[in-house]
Amino acid sequence: MKNEFDLLNDVIVDFSAYEVKELEEKELNAMKNVINKPKKKFWPRVAAVAACVGLIAAIGQTSFAKEFIGNIVKKISTGHNEFFQYDMSNAEVDIPKELSIFYDENGNLLTKYSDGTVFYDKDGNKIEDVQAYIESLPYGIKEAVTGGSDITLVIGKEENDPLERYRNQGYSIIDNEADMDILDEALDFTPVLPTELPGSFRFCGAAYFDTSTYYLTLIYKNDKSEYIFVQERLLNEETAFSMGTDGEIEELKINGHKAVLTNEISLDWEVGDVSVGIAGRGHLNRDELITMAENMK
């Protein structure tokens, strides 16, 4: 299972088709109320569907997200950040219109999801792995309508090289490990770096914003051209987040610090003033994740 951080790596939304309008006072006040909330909320994926295009994070506290609140079976806090496990066995939720790419066995467009729902593509082929299916789609543009506004939704991968994707999104890139001391001046925190890497994974690059010095993404690549990501952020009220899954969360200890293993493919913990998360993306098993985390100093 993948969480929304993993899935969002391969998703972009082109906002160029939006019409720019001045906000009314009522709308400005609503935005202020959202901005003043201390934590960013990330809700559970539904069979790897909604989160595949970032809709979970986008809809936040809407009725779709509220479907999950009454189904919490476990909660773990690492201090600033919170992790939730949900029981979705009896839940039924609407599939957002932006994901009108799934059908039932009779060729009817699926509009709702519940436990046990089987997905088919438009040609009647059963989709065994929803996430793999979405990642297999060719790079292209899917038109969707949301709230009366036409938007362009890109499903698939922009580039095979994540460094190029980050670069195109305005990040500053370090592609030589010998230049990592640049981060000493660029960030408001001291990065936590691995002293050993699993298997054939090696440093690929680091991405950060010059104007947002609280965040850093480290990227590692193996001989099979598979990528894993380490996401770090300065611990404060602005960067704290809540994350949920309908999979499994487990409390661990990493070098004496409370950690959360999610779906056995990602691991998050806090050390000093830094929040650290390894997104294994299914390329690392449980033991490799834990060992890599223990070797980060």
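Residues numbered from 1 in each chain as written. Predicted model: local features only at pLDDT ≥ 70, side-chain atom pairs only at ≥ 80, totals over all residues. Heavy atoms only, no water.

Engineer: What's the story with the pattern of salt bridges in this structure? I'm lost.
Structural biologist: Counting across every chain of the model gives five salt bridges. The residue Glu82 makes a salt bridge to Lys75 at a minimum N-O spacing of 3.5 Å. When the shortest N-O distance is used, the salt bridge between Asp123 and Lys122 registers 3.7 Å. We note that Asp123, like Lys122, is exposed. Among the charged side chains, a network of salt bridges with common partners joins Glu250, Glu264 and Arg286. (Salt bridge = Lys/Arg side-chain N within 4 Å of Asp/Glu carboxyl O. Buried < 20%, exposed > 50% of the residue type's maximum accessible area, 1.4 Å probe, protein only.)

Engineer: When you look at the confidence of the model for the protein in this model, what are you seeing that I'm missing?
Structural biologist: When pLDDT is low, close inspection of the predicted coordinates is not appropriate. Chain-level pLDDT for the protein is 74 on average; 64% of the residues reach the 70-or-more range. Mean pLDDT values for the elements of the protein range from 32 in strand 7 (residues 140–146) up to 97 in helix 8 (residues 286–294). This model gives residues 139–159 a pLDDT under 50, and the stretch forms 50 contacts once residues within four places in sequence are excluded. (pLDDT = per-residue confidence, 0-100. Helix = DSSP H or I, 4+ residues; strand = E, 2+ residues; numbered from the N terminus. Contact = heavy atoms within 4.5 Å.)

Engineer: Is there a simple way to think about the environment of Thr217 in this case?
Structural biologist: Of note, Thr217 is situated in strand 11 (residues 212–221). Between the C-alpha atom of Thr217 and that of Ile173, which follows or precedes it by 44 residues, the distance is 9.8 Å. Each residue touching Thr217, except ones within four places of it in the same chain, is listed here: Tyr166, Gly205, Ala206, Ala207, Phe229, Val230 and Gln231.

Engineer: Honestly, the nonpolar core in this entry has me stumped. Any pointers?
Structural biologist: Side chains that are nonpolar tend, in soluble globular proteins, to be buried together. Membership of the largest hydrophobic core comes to 32 residues, with the highest contact counts inside it found for Leu216, Tyr220, Val230, Leu267, Trp269 and Ile278. Looking at this core, the element that brings in the most residues is helix 8, giving four residues. Setting aside its immediate chain neighbours within four residues, Leu216 contacts Leu183, Leu187, Phe189, Pro191, Ala206, Ala207, Tyr208, Val230, Gln231 and Glu232. Tyr166, Ile173, Ala207 and Ala279 belong to the second-largest nonpolar core, a separate cluster that totals nine residues. (Core = buried A, V, L, I, M, F, W, Y, C linked by side-chain atoms within 4.5 Å.)

Engineer: Before we go on, may I ask you to explain the sheet that holds strand 16 (residues 266–271) in this structure?
Structural biologist: In a beta sheet, neighbouring strands are held together by backbone hydrogen bonds and run either parallel or antiparallel to one another. One open sheet accounts for eight strands, arranged 9-10-11-12-17-16-15-14; its pairing is antiparallel. Edge strands, defined here as strands with exactly one partner in the open sheet, are strand 9 (172–174) and strand 14 (249–254). When strand polarity is set aside, the average angle formed by the axes of neighbouring strands in this sheet is 20 degrees. Its contacts with the sheet place helix 8 against strand 11, strand 12 (227–234), strand 14, strand 15 (257–262), strand 16 and strand 17 (274–279), and it is angled at close to 35 degrees to strand 14. (Pairing = 2+ DSSP bridges. Axes fitted to C-alpha atoms, helices over the stretch in contact; angles between N-to-C directions.)

Engineer: In this structure, what is going on with the pairing of strand 17? I would like to understand it.
Structural biologist: The side chains of a regular strand alternate between both faces of the sheet. Counting buried positions over the six residues of strand 17 gives six, a clear majority of the element. Judged by which residues are buried, strand 17 turns out to be covered on both faces: Val274, Val276 and Ile278 on one side and Ser275, Gly277 and Ala279 on the other are all buried. Pairing between strand 12 and strand 17: six bridges, direction antiparallel. Of the residues in strand 17, the one forming a bridge with Arg233 is Ser275. Pairing between strand 16 and strand 17: six bridges, direction antiparallel. Bridging from a neighbouring strand, Val271 pairs with Val274 of strand 17. Linking strand 16 to strand 17, which pair antiparallel, is a turn of two residues; within it Gly272 sits at a positive phi near 60 degrees.

Engineer: Could you clarify how one ought to interpret the packing of aromatic side chains in this entry?
Structural biologist: Two measures describe an aromatic ring pair: the distance that separates the ring centres and the angle between the ring planes. Applying the stated criterion across every chain, the model contains six aromatic pairs. Pairing Phe84 with Tyr86 gives two aromatic rings, centres 6.2 Å apart and planes at 40 degrees, and the pair type is tilted. By relative accessible area, which is 12% here, Phe84 ends up buried. A centroid spacing of 6.1 Å and a plane angle of 75 degrees characterise the contact between Phe203 and Tyr220, whose relative ring orientation is edge-to-face. In this pair, Phe203 sits in strand 10 (residues 202–209) while Tyr220 sits in strand 11, placing the two residues 17 residues apart along the sequence. Three or more aromatic residues link up through ring pairs in this structure, and these residues are Tyr166, Tyr171 and Phe209. (Phe/Tyr/Trp six-rings, centres within 6.5 Å; stacked < 30°, edge-to-face > 60°.)

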